[in-house]
4 protein chains.
Amino acid sequence: MDTTETFHKKGGTDWSSPTQISPNTQYDDDSPVHPYHRGSQERRTSPKLNKARGRMGLHPNAPIDETHDLAPHQDLLWSRIRLALREPFAEFLGVFVLVLFGNGSVAQVLLSTGQKTAPGGNGFGEYQSISWGWGLGVMLGVYVAGDSGAYLNPAVTFANCYYRGLPWRRFPVYFIAQVLGGFVAAGVVYANYINAINALEGHGIRTVPPVATATAGIFCTYPQTFMTKASMFFSEFIASAILMLVIFALKDDTNNGVSMQGGGNWFPLGMFFLIFGIGACFGWETGYAINLARDFGPRLMSYILGYGNEVWSAGGYYFWIPMVAPFCGCMFGGFIYDLLVYTGPSPINTPWLGLKRFLKPGEAIKAVRQHEQRNKDEGVV
Amino acid sequence: MDTTETFHKKGGTDWSSPTQISPNTQYDDDSPVHPYHRGSQERRTSPKLNKARGRMGLHPNAPIDETHDLAPHQDLLWSRIRLALREPFAEFLGVFVLVLFGNGSVAQVLLSTGQKTAPGGNGFGEYQSISWGWGLGVMLGVYVAGDSGAYLNPAVTFANCYYRGLPWRRFPVYFIAQVLGGFVAAGVVYANYINAINALEGHGIRTVPPVATATAGIFCTYPQTFMTKASMFFSEFIASAILMLVIFALKDDTNNGVSMQGGGNWFPLGMFFLIFGIGACFGWETGYAINLARDFGPRLMSYILGYGNEVWSAGGYYFWIPMVAPFCGCMFGGFIYDLLVYTGPSPINTPWLGLKRFLKPGEAIKAVRQHEQRNKDEGVV
Amino acid sequence: MDTTETFHKKGGTDWSSPTQISPNTQYDDDSPVHPYHRGSQERRTSPKLNKARGRMGLHPNAPIDETHDLAPHQDLLWSRIRLALREPFAEFLGVFVLVLFGNGSVAQVLLSTGQKTAPGGNGFGEYQSISWGWGLGVMLGVYVAGDSGAYLNPAVTFANCYYRGLPWRRFPVYFIAQVLGGFVAAGVVYANYINAINALEGHGIRTVPPVATATAGIFCTYPQTFMTKASMFFSEFIASAILMLVIFALKDDTNNGVSMQGGGNWFPLGMFFLIFGIGACFGWETGYAINLARDFGPRLMSYILGYGNEVWSAGGYYFWIPMVAPFCGCMFGGFIYDLLVYTGPSPINTPWLGLKRFLKPGEAIKAVRQHEQRNKDEGVV
Amino acid sequence: MDTTETFHKKGGTDWSSPTQISPNTQYDDDSPVHPYHRGSQERRTSPKLNKARGRMGLHPNAPIDETHDLAPHQDLLWSRIRLALREPFAEFLGVFVLVLFGNGSVAQVLLSTGQKTAPGGNGFGEYQSISWGWGLGVMLGVYVAGDSGAYLNPAVTFANCYYRGLPWRRFPVYFIAQVLGGFVAAGVVYANYINAINALEGHGIRTVPPVATATAGIFCTYPQTFMTKASMFFSEFIASAILMLVIFALKDDTNNGVSMQGGGNWFPLGMFFLIFGIGACFGWETGYAINLARDFGPRLMSYILGYGNEVWSAGGYYFWIPMVAPFCGCMFGGFIYDLLVYTGPSPINTPWLGLKRFLKPGEAIKAVRQHEQRNKDEGVV
């Protein structure tokens with residue numbers, strides 16, 4: 001089964017004609033012959049563009065439908081910029097959609113709490129609406145951000161770099177795009193709900209939980225007051241671990257539970273249920289941030305919008321936990337999946353469960369350098 | 001990638017036999033040879049029918065399954081009328097189903113608010129039921145109205161004309177059918193709930209929010225009282241923008257997030273989640289009309305049914321906002337998607353992001369005229 | 001496009017090998033050569049079995065997987081009985097599952113209303129749980145009852161006989177099986193909830209709405225007290241019409257909205273959304289029976305279980321409305337779909353929209369007789 | 001139709017290249033030639049590994065993607081352990097995910113009941129959240145545990161052994177893995193919610209229903225106080241029966257309702273609706289354990305964590321009912337499905353509905369022995 005066949009399985013993309021370049025092929029920088037070389041017509045995307053992308057850490061070739069690539073309009077300035085920034089734009093827009101729905105759902109439920117004139121007589125939503133909001137936000141974000149792999153979460157990108165061979169040098173540009181997406185979306189939600197926030201808090205007053213009329217919880221997460229620091233960390237850790245474990249399962253087309261169900265097709269819907277579930281089952285104590293981009297981006301925006309230093313100091317300077325814990329949790333969740341299930345290439349499936357590289361760092365660094373040199377020699381970076 | 005292949009990708013329709021004519025093929029009026037010419041048997045639909053359709057702005061050939069087209073009953077009068085009005089009928093019925101469920105859900109929740117004899121002891125639904133109602137109404141409407149492209153919304157039709165090459169001359173007949181669908185559905189919902197409306201408001205009394213027992217909100221949207229005009233517009237604008245952005249993503253089969261997931265199959269379910277999400281996250285302030293047909297059609301019906309001039313004057317003559325803002329929002333949402341993601345043919349992918357045509361209108365009009373003349377010469381209109 | 005291709009489209013059943021006999025092929029009794037004749041090996045199902053099935057109005061050949069049909073155990077007595085009664089068994093079990101979940105959901109919500117010890121502090125469900133119950137009951141019932149076509153509703157069977165050529169002589173045996181399924185399921189739900197019913201009503205006391213502690217509403221529908229007779233009928237009529245209209249759309253694989261979405265696969269899920277929607281939008285006033293089997297079957301059971309004559313007399317002898325209105329509604333809904341959308345064979349697509357047969361009954365009866373005689377000559381009944 | 005074709009149907013796995021070994025093929029131990037023999041390259045998994053697996057009752061060949069099997073890292077110690085314990089690991093992780101979400105949803109709803117600072121003003125969830133939690137827990141568990149068949153329930157494994165030819169000797173190792181999964185997951189949920197449990201019950205105080213502040217209900221089920229013993233048993237019995245009946249339907253690709261809908265793909269989502277439905281319709285009286293692993297595993301953990309002997313004695317030593325009733329119920333549900341629908345190989349489709357083996361146990365045992373001897377001769381155990 002060569003790479004081509006793998007892609008056939010994943011979702012029916014026809015690779016017999018080299019239509020699309022996927023940025024997510026495992027270890028794709030290593031493959032000596034790239035699919036696009038098989039095409040007969042010349043692509044528009046020039047070596048210059050490749051170089052610009054390479055510098056950002058992206059695959060030299062932007063993922064683009066071949067017929068679109070051959071169109072004359074790809075020579076236009078903006079088309080070239082869009083190709084150069086294809087994956088960052090996708091991650092930005094994906095997280096934007098995700099946080100727009102997520103923050104929007106919290107805003108609507110929180111601000112309309114108890115409103116008697118609502119149909120049904122009790123506000124425009126309830127806690128469950130928030131599970132819906134984040135769940136379908138991720139689902140629709142995955143559809144929107146398909147060209148970048150739709151990680152939508154720095155911790156998920158990180159675990160894919162470590163466990164699935166996504167090149168590390170892509171992490172920074174993805175990271176920036178993801179945080180920016182959350183940042184901008186929070187601003188849009190604020191603009192949309194500013195009247196209602198004023199009506200609840202008063203003009204110019206902006207407060208942070210546990211103040212009774214606080215609205216900062218619309219944008220980022222604040223822990224319940226009964227929680228200890230260790231429990232806060234654990235709650236984010238375990239939610240992130242289950243997130244990564246299930247994502248790896250849903251993306252593992254050598255797992256019968258996925259391949260026999262036509263897994264690729266079901267990924268976005270599976271993500272809806274996964275995020276809904278984390279919200280319904282592990283969302284109370286710390287607000288299930290499980291994503292730096294979804295928490296830090298909006299937190300920064302709320303700080304700029306005037307919620308004060310309390311956005312950082314609340315909950316005993318809680319803000320760092322949803323930044324750090326998701327990375328630890330996703331690494332652990334990925335570890336569990338690879339330890340118990342995954343039979344493909346993974347650090348876990350190297351000697352000593354991959355720990356050797358930590359014991360002999362010199363050799364590991366050498367191997368990474370060789371890997372990168374090979375890439376350069378082949379002109380893929 | 002020729003047109004045939006595009007259709008293969010979209011949802012598996014077998015175009016190797018020229019079974020169906022799609023009214024939505026991009027720029028299809030330009031293609032010199034129409035698929036149906038490849039068929040060996042003669043179609044029943046006569047040149048006369050083509051002419052009648054062309055006058056309404058429709059594609060000269062009605063979309064119809066080839067085997068059905070060859071059946072003798074297509075010569076019957078009504079079959080010919082149905083073919084002539086195929087897309088308007090589909091849009092009518094689609095919006096009818098959409099508004100039937102949407103208005104029905106508001107009616108049930110609003111009129112049964114707080115009823116203690118309900119199972120559960122608190123009415124027959126809650127705000128979330130309304131998200132369900134509109135969401136599944138759109139989903140089922142998309143299934144019903146497949147032969148017309150299932151736009152179900154003038155603003156979505158408009159953005160497809162501008163960004164995706166749907167011929168502009170189809171807009172009017174789609175528009176009329178969509179508004180009529182909403183108009184009639186509102187009447188049916190009124191007839192269904194007339195006893196309950198009488199029980200709540202009193203016989204012959206019909207009021208509009210913010211009156212406490214108002215029932216006009218069943219049919220069309222009225223804004224929350226704390227909203228400023230600018231905020232009302234912004235709320236409808238942003239909800240419409242996100243609507244169009246996600247629809248363009250779900251319909252873009254060069255987007256890996258869609259094509260690798262078998263996007264076509266998932267479109268109606270994706271619409272359910274999208275509309276549910278807009279209702280749960282951006283539905284409070286202005287009632288998420290995001291659709292002239294869904295708001296103006298029922299508003300007109302409620303005016304006729306005796307809700308008085310307040311249906312127009314309420315909220316400071318709010319009624320024009322859900323007519324205008326969706327067009328602005330959908331145009332903006334489409335702009336964002338094409339700017340950041342879409343690599344195919346679009347005004348955004350022409351020099352100066354398509355602004356040149358506004359700076360040199362003479363040339364643009366000339367180009368459109370030439371395009372239309374070509375169509376006429378080829379006999380397709 | 002021949003029949004084989006149609007079936008390929010519907011859901012991928014491989015008809016190039018004559019694996020399965022579908023009881024739902026349109027006008028299948030007319031086709032001179034039956035698919036099973038193309039098989040090389042001899043089927044186990046004997047002429048005797050065919051005769052028994054024919055007498056019940058069923059297709060002479062039971063729908064059975066070919067490899068199963070060749071197995072020796074098909075000669076066993078029970079296997080032969082099961083084949084003879086294949087479709088009635090399927091309809092029975094489908095309606096059984098449907099009513100089990102439907103009545104069960106009403107029972108749980110109604111009997112636990114307001115229970116403070118529930119997680120969440122307010123009973124074990126709410127009105128929306130009932131929409132879930134009926135919706136997923138129908139969905140799972142459709143999966144279970146696939147071999148009979150999964151009509152699960154006499155009115156839907158009736159409309160399929162009239163509009164889609166399902167032989168009329170199959171109606172009675174389907175009808176009996178469907179009503180029995182609802183009857184038995186109601187008994188099981190009663191047995192399951194007898195303790196809780198006793199706790200609410202008192203031992204030996206069984207009452208019917210609008211008594212405050214009535215539990216008869218678990219089994220069948222009772223209208224709201226403010227309803228007039230005409231409105232009751234209209235409410236059931238319109239809900240049944242929308243049911244049939246959407247089912248015909250979901251089953252119409254010449255409708256682009258379905259065929260391009262791979263409609264067959266999505267039918268059970270589409271039914272979930274349809275039934276959920278009818279419950280959430282048109283379920284309050286009369287309880288959305290829309291199905292004689294779901295209402296009369298359990299009503300009869302509740303009468304036998306001791307709920308008294310009030311199960312018939314309640315609501316001004318309301319019981320006949322959910323028996324009659326669904327037939328009228330389904331006929332009307334089917335009429336609308338065929339009038340505005342359907343281009344295939346249908347009475348609507350005959351001269352004078354099919355009214356000619358009512359004006360010249362002699363000719364129509366003659367045509368039906370000829371049709372049946374042809375069937376006999378060909379040995380299919 | 002040979003086995004190869006069956007698998008094509010189930011979910012598109014390409015068996016023309018012998019990529020995967022399914023542990024669930026019916027009677028697969030009997031087939032004289034195993035698919036992997038058709039591969040040209042030699043597999044890494046050695047006879048030694050086969051022997052170890054055989055001793056545990058597993059199929060001698062672990063289910064593994066062929067390309068993965070050929071990778072050098074399969075020679076590593078842990079990779080070999082993982083292959084040896086492939087199905088137990090999968091069942092463990094599947095039940096772990098299932099109970100994590102299930103117990104987590106109960107914990108969140110129960111512990112946050114009535115919290116006024118929640119968005120919406122009334123806690124972080126409601127009873128319906130628990131239906132979601134268990135429903136999506138099973139769905140995601142099925143995805144994770146695909147390589148073992150994803151039974152996730154000893155009673156379901158048992159019924160598959162009896163009715164579907166899953167070898168009985170696999171039952172014990174599956175059983176242990178399933179119970180362990182539930183046991184560990186309950187511990188993780190406890191660790192996650194320990195602060196909140198302390199806040200509700202008080203430090204060091206742990207109580208069992210019907211105590212007002214009891215939290216033992218998070219982990220395992222306790223019946224309603226009005227229930228008689230017989231009713232408790234019946235409630236678990238009927239819920240388990242419907243579980244098994246619908247699973248057999250969803251897994252039966254000779255059932256038109258499944259095969260024409262592409263059943264395999266839909267199985268996990270179907271399970272979501274099934275479990276949600278059981279929770280919404282039959283979940284009140286006894287908490288719908290319907291699964292020894294989901295109830296006994298967490299019950300044991302809660303006992304160890306200090307909930308006292310009441311976890312066993314509560315409800316009149318109720319604990320044995322969710323251990324025994326699911327087996328009876330699943331056997332009955334499977335019986336009903338095979339009696340009324342299933343035409344393939346099943347004990348029901350043997351003389352006297354399979355009762356003969358109970359009347360002539362000597363012959364039955366002899367047949368089983370012969371079957372096992374054949375397996376040994378062919379070297380598959």
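What you see is a predicted model; the values in this text were computed from it and never measured. (Residues numbered from 1 in each chain as written. Chains lettered and ligands numbered in written order. Predicted model: local features only at pLDDT ≥ 70, side-chain atom pairs only at ≥ 80, totals over all residues. Heavy atoms only, no water.)

Chemist: Please clarify how the domain arrangement of chain A should be interpreted in this entry.
Modeler: For an interface, size is often stated in terms of accessible area lost upon the parts coming together. All names here are of chain A. With domains assigned, chain A is organised as domain 1 (86-349) and domain 2 (353-381). Between the C-alpha centres of domain 1 and domain 2 the distance comes to 33 Å. In this assembly, five residues from domain 1 lie in contact with five residues from domain 2. Contact with domain 2 buries area across many residues of domain 1, yet Y162, R169 and P347 alone supply 69% of it, more than any other trio. Our count for the contact surface shared by domain 1 and domain 2 stands at zero salt bridges. Here domain 1 is connected to domain 2 by zero residue pairs in polar contact (both at pLDDT 80 or more). (Domains from an automatic or database assignment. Contact = heavy atoms within 4.5 Å. Buried area = accessible area lost by both parts, 1.4 Å probe. Salt bridge = Lys/Arg side-chain N within 4 Å of Asp/Glu carboxyl O. Polar contact = N/O pair within 3.5 Å; in protein donor to acceptor, adjacent residues only side chain to side chain.)

Chemist: So what exactly am I meant to see when it comes to empty space enclosed by the protein here?
Modeler: Rolled over the atoms, a probe sized like a water molecule indicates the empty space that remains. Under the counting rule described, the total for this entry stands at four cavities of 30 Å³ or more. By volume, the largest cavity is sized at about 120 Å³. Considering the residues around the largest cavity, the lining is formed by 16 residues, among which F273 of chain A, F273 of chain B, F272 and F273 of chain C together with F273 of chain D are closest to the centre. When its residues are assigned to classes, the lining of the largest cavity shows 16 nonpolar, no polar and no charged. (1 Å grid on protein atoms, 1.4 Å probe; cavity = no way out; pocket = protein on both sides within 12 Å on 5 of 7 lines; lining within 4 Å. Points joined across faces, edges and corners; volume = space filled by probe spheres on them. Nonpolar A, V, L, I, M, F, W, Y, C, P; charged D, E, K, R; others polar.)

Chemist: Just checking my understanding: could you explain the pattern of salt bridges for this structure?
Modeler: Under the definition given, this model contains 18 salt bridges over all chains. Ionic pairing is found between D295 of chain B and R294 of chain B, a salt bridge with its closest N-O pair at 4.0 Å. R294 of chain B carries the same exposure label as D295 of chain B, and that label is buried. A salt bridge links R86 of chain C to D147 of chain C, with the nearest nitrogen and oxygen atoms 3.1 Å apart. (Buried < 20%, exposed > 50% of the residue type's maximum accessible area, 1.4 Å probe, protein only.)

Chemist: It is not clear to me how the relation of the copies chain B and chain A should be interpreted in this structure. Could you clarify?
Modeler: The operation relating the pair of chain copies consists of a rotation about an axis and a translation along that axis. The transform that puts chain B on chain A rotates by 90° and translates by 0.0 Å along the axis, for an RMSD of 0.1 Å. Read as a symmetry element, the transformation amounts to a four-fold axis. Both copies present different contact surfaces, since only 10% of the interface residues of chain B are interface residues in chain A too. (Least-squares fit on C-alpha atoms with pLDDT ≥ 70 in both.)

Chemist: So what exactly am I meant to see when it comes to the packing of aromatic side chains here?
Modeler: Ring pairs (aromatic) are described by centroid distance and by the angle formed between their planes. This model, assessed by the stated rule, comprises 140 aromatic pairs over all chains. Where F276 of chain A meets W132 of chain D, the ring centres are 3.9 Å apart and the plane angle is 25°; that geometry is what we call stacked. Of this pair, F276 of chain A sits in helix α11 (residues 263-282) while W132 of chain D sits in helix α6 (residues 127-144), which puts the two residues in different chains. By relative accessible area, which is 0% here, F276 of chain A ends up buried. (Phe/Tyr/Trp six-rings, centres within 6.5 Å; stacked < 30°, edge-to-face > 60°. Helix = DSSP H or I, 4+ residues; strand = E, 2+ residues; numbered from the N terminus.)

Chemist: Help me understand the interface of chain A and chain D, please; the structure alone is not making it clear to me.
Modeler: Each side of the interface is counted separately: chain A has 63 residues, and chain D has 67 residues. Counting every contact that joins chain A to chain D gives zero salt bridges. Taken together, the links from chain A to chain D amount to 25 residue pairs in polar contact (both at pLDDT 80 or more). Elements with a minimum of two residues in the side of chain A that touches chain D: α5 (86-111), α6 (127-144), α9 (229-251), α10 (256-259), α11 and α14 (321-340) of chain A. Broken down by element, the side of chain A that touches chain D gets its largest block of residues, 13 residues, from α11 of chain A.

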